[in-house]
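Descriptive analysis of the structure
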2 protein chains.
Amino acid sequence: MTDQKATNVHWHEGDITREHREKLLGHRGATIWFTGLSGSGKSTIAVELEGILNEMGVLSYRLDGDNVRLGINKNLGFSAEDRTENIRRIGEVAKLFNDCGVITLSSFISPYIADRDAVRELHAQAGIDFIEVFVDCTLESAESRDPKGLYKKARAGEIRNFTGIDDPYEAPTSPEVHLRSDEQSMQEEIDAILAVLRERGIISA
Amino acid sequence: MTDQKATNVHWHEGDITREHREKLLGHRGATIWFTGLSGSGKSTIAVELEGILNEMGVLSYRLDGDNVRLGINKNLGFSAEDRTENIRRIGEVAKLFNDCGVITLSSFISPYIADRDAVRELHAQAGIDFIEVFVDCTLESAESRDPKGLYKKARAGEIRNFTGIDDPYEAPTSPEVHLRSDEQSMQEEIDAILAVLRERGIISA
C-alpha cells in the first residue's frame, strides 16, 4: 500500500455525483482492464472496442501504456517498484474517469497479480465495475508478432526487465473475460467483452 | 521539466479521436483551472459551475485538491518539490479528460506561476483550451473564512509550508478570468466563466 502522505485532506462531496453524469451519458462508468504479454493484442482489441462503443454512443477512453508513460507517468521506468507505481496511478486515473461516467479501456502489460488486485480493490471500494480481460496467448505467438520490435531488443539484451523474457508475467487466475488472441477472431473477442458489459447493465442493448 | 524516463514508448494514435468524442458529447473538452488562496472560494465556485454545466447537458468533471490527494497523488506532501509534482500530475490528468471531450474544473491553490505555466504549455501543445481563473481575494478575507480551520493551524505552527502564511502565493499576471470572490456575487463569477466558454466555442448557447 502507498502511504497517505498529506494530512488535513477530506473527500469533497460535490452536489453533482457519478449518477448525474451517468444519466447525462446514458450508460455507466466502468474499467475494462486488459492484461497480457507485450504483443498479445491488448491495444488492438481495445482500439477496436473503442470504435464499436463510439458507434453505440457510449463514451469510452483508452488509457494506453505508451500514452500514459509519455504523460502522467513520464517519471517512471520499468523497475518492479516503478511498474507498481505505474499501475497504481493508472488505476487511480481510471477510477476518476469511471466517476465521470466514462468506460475506460486500460491496456497495459500489468504483469503482477498484486498490482492488478490493488486496482480491483480500489474499484470495489468505490462501487465501480472492474472487468479484467486476460489477453492470453503463447510467448511464441506474442514474440512472433513483436509489433514494436521489443522482444528482439530484449533478446539482444538491449532492454532489461522485459516481461516474459527476464521479468515474470503472472497470469490472472479468475479474470472476468479470458481471451485467446492466438485462437479467437476479433469478433469473438469483442462479443465476449460486450456480453459482460450488458450482463452487468453497464450498457443497454 | 520532468525527465522522460521510459524509452521505447510512442504516442498511440487510435482510430477514435478527441473530435469523435466531442461530437458524441456535443461540446468541446477544456480545462478551467481555478487558482487562489486556501479559502478564496475556488471549490465553491467550481461546485456551482459543475451543477450549472450538468443542467446544460455538458459533461464536466471536478478535480479537487483534496480528492486528488487521496488518490493519484496520495504519495505527495506539501514540499515545493511535491507541490510541483502534484500540479504536474493534475495537469496531465486534466489533459486526458479533455482528450476525452470532458471539461475539467481543477481547483487547487497551485501557488507557483512556473507550475501553472507548465500546465498551460502542456495544454497548448495538445491544442486544448486552458482557462486560468484567478479567484482573487485578500488574505484577510480568506483567513476569516478559513472553512477547514487550516489558517488557524498554520498560525499556530501546526501546519508548515502553508500558502499565504509561510509559503508564497504567486498571483497570475494575465489569467483568462480574474474574479474577486470578496466583492463579486456567485452569479457574476459564473457568468464571467460561461462567457469565456461561449466565446471560445467550447459550449454553444
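See the structure printed just above.
Residues numbered from 1 in each chain as written. Chains lettered and ligands numbered in written order. Predicted model: local features only at pLDDT ≥ 70, side-chain atom pairs only at ≥ 80, totals over all residues. Heavy atoms only, no water.

Another point: the sheet that holds strand β5 (residues 177-180) of chain B. Note: strands within a sheet are paired through backbone hydrogen bonds, in either parallel or antiparallel orientation. Residues and elements named next belong to chain B. Taken in spatial order, the five strands of this open sheet run β2-β3-β1-β4-β5, and their pairing is parallel. In this open sheet, the two edge strands, each paired with only one partner strand, are β2 (60-64) and β5. Across the sheet, the axes of successive neighbouring strands diverge by a mean angle of 20°, strand direction being ignored. The sheet contact formed by strand β1 (residues 30-35) and strand β3 (residues 103-107) spans five bridges and is parallel. Along β3, the bridge assignment pairs W33 with S106. Where helix α2 (residues 42-55) meets the sheet, it contacts β1, β2, β3, β4 (129-136) and β5, and its direction lies at approximately 165° from that of β3. (Pairing = 2+ DSSP bridges. Helix = DSSP H or I, 4+ residues; strand = E, 2+ residues; numbered from the N terminus. Axes fitted to C-alpha atoms, helices over the stretch in contact; angles between N-to-C directions. Contact = heavy atoms within 4.5 Å.)

For the rest of this paragraph, the subject is the packing of α2 of chain B against helix α8 (residues 186-199) of chain B. All names here are of chain B. At their nearest, the axes of α2 and α8 sit 10 Å apart, and the two run at 60° to each other. Overall, the two elements α2 and α8 adopt an arrangement that is oblique. The interaxial crossing formed by α2 with α8 has right-handed handedness. Contacts between α2 and α8 pair T44, I45, E48, L49, I52 and L53 from the former with M186, E189, I190, I193, L194 and L197 from the latter. Its residues placed into classes, the contact of α2 with α8 shows nine nonpolar, one polar and two charged. (Parallel < 35°, antiparallel > 145°, perpendicular 65-115°, else oblique. Left-handed = near helix turned anticlockwise from the far one by under 90°. Nonpolar A, V, L, I, M, F, W, Y, C, P; charged D, E, K, R; others polar.)

Once that is clear, we can look at the side chain of E22 of chain B. Residue and element names in this part refer to chain B. Note that E22 resides in helix α1 (residues 18-25). With a relative accessible area of 10%, E22 lands in the buried category. Here E22 is in contact with H27, R28, G29, N98 and G101, once residues within four sequence places are set aside. (Buried < 20%, exposed > 50% of the residue type's maximum accessible area, 1.4 Å probe, protein only.)

Residue and element names in this part refer to chain A. Most of strand β2 (residues 60-64) sits inside the fold, with five of its five residues counted as buried. Bridge count for β2 against strand β3 (residues 103-107) is five bridges, and the pairing is parallel. Bridging across to β3, D64 finds its partner in S107.

Residues and elements named next belong to chain A. Here helix α4 (residues 80-99) crosses helix α5 (residues 113-125) at 25°, and the two axes come no closer than 9 Å. Regarding the angle of α4 to α5, the classification is roughly parallel. As α4 runs across α5, the sense of the crossing is right-handed. The segment α4 lies against α5, with R83, T84, I87, G91, E92, A94, K95 and N98 engaging D115, V119, L122 and H123.

Moving on to empty space enclosed by the protein. Vacant regions in the atomic arrangement are exposed by a probe of water-molecule size rolled over the atoms. Residue and element names in this part refer to chain A. One pass over the structure, following the stated rule, counts one cavity of 30 Å³ or more. When its volume is computed, the largest cavity comes out at roughly 30 Å³. What lines the largest cavity is S38, G39, D146, P147, K148, G149, L150 and Y151. Partitioned by chemical class, the residues of the lining of the largest cavity number three nonpolar, three polar and two charged. (1 Å grid on protein atoms, 1.4 Å probe; cavity = no way out; pocket = protein on both sides within 12 Å on 5 of 7 lines; lining within 4 Å. Points joined across faces, edges and corners; volume = space filled by probe spheres on them.)

Another point: the pattern of salt bridges. All names here are of chain A. Scanning the model with the defined rule gives 35 salt bridges over all chains in all. We note a salt bridge from R21 to D99, for which the minimum N-O separation is 3.6 Å. Placement of the pair is R21 in helix α1 (residues 18-25) and D99 in helix α4, with a sequence separation of 78 residues. Salt-bridge contacts for D64 lead to R62; the nearest nitrogen and oxygen are separated by 3.5 Å. Exposure class is identical for D64 and R62. Each is buried. (Salt bridge = Lys/Arg side-chain N within 4 Å of Asp/Glu carboxyl O.)

Another point: the packing of aromatic side chains. By the definition in use, this model includes 11 aromatic pairs over all chains. Pairing F134 of chain A with Y169 of chain A gives two aromatic rings, centres 6.0 Å apart and planes at 20°, and the pair type is stacked. One end of the pair, F134 of chain A, is in strand β4 (residues 129-136); the other, Y169 of chain A, is in the loop between α7 (150-155) and β5 (177-180), and 35 residues separate them in sequence. Its relative accessible area of 6% is what places F134 of chain A among the buried residues. Of the residues examined, Y169 of chain A reaches a relative accessible area of 18% and is grouped as buried. Between the aromatic rings of W33 of chain B and F130 of chain B, the centroid separation amounts to 5.9 Å while the plane-to-plane angle is 40°, which identifies the pairing as tilted. Highlighted residues: W33 of chain B in strand β1 and F130 of chain B in strand β4, separated in sequence by 97 residues. By relative accessible area, which is 0% here, W33 of chain B ends up buried. (Phe/Tyr/Trp six-rings, centres within 6.5 Å; stacked < 30°, edge-to-face > 60°.)

Of all hydrophobic cores here, the largest spans 36 residues; its most connected members are L63 and F97 of chain A together with L63 and F97 of chain B. Put simply, the parts of the chain that give this core at least two residues each are β2 and α4 of chain A together with β2 and α4 (80-99) of chain B. The residues touching L63 of chain A, leaving out its near neighbours within four places in the chain, are V68, I90, V93, A94, T104, L105, S106, S107 and F108 of chain A together with L96 of chain B. (Core = buried A, V, L, I, M, F, W, Y, C linked by side-chain atoms within 4.5 Å.)

Let us now look at the sheet that holds β5 of chain A. Residues and elements named next belong to chain A. Reading across the sheet, the five strands line up as β2-β3-β1-β4-β5 and stay open at both edges, with parallel pairing between neighbours. A strand with exactly one partner marks an edge of an open sheet, and here the two such strands are β2 and β5. Within the sheet, the average angular offset between the axes of one strand and its neighbour, ignoring direction, is 20°. Pairing of β4 with β5 involves four bridges; the strand directions are parallel. Looking across to β5, one finds that F134 is bridged to H178.

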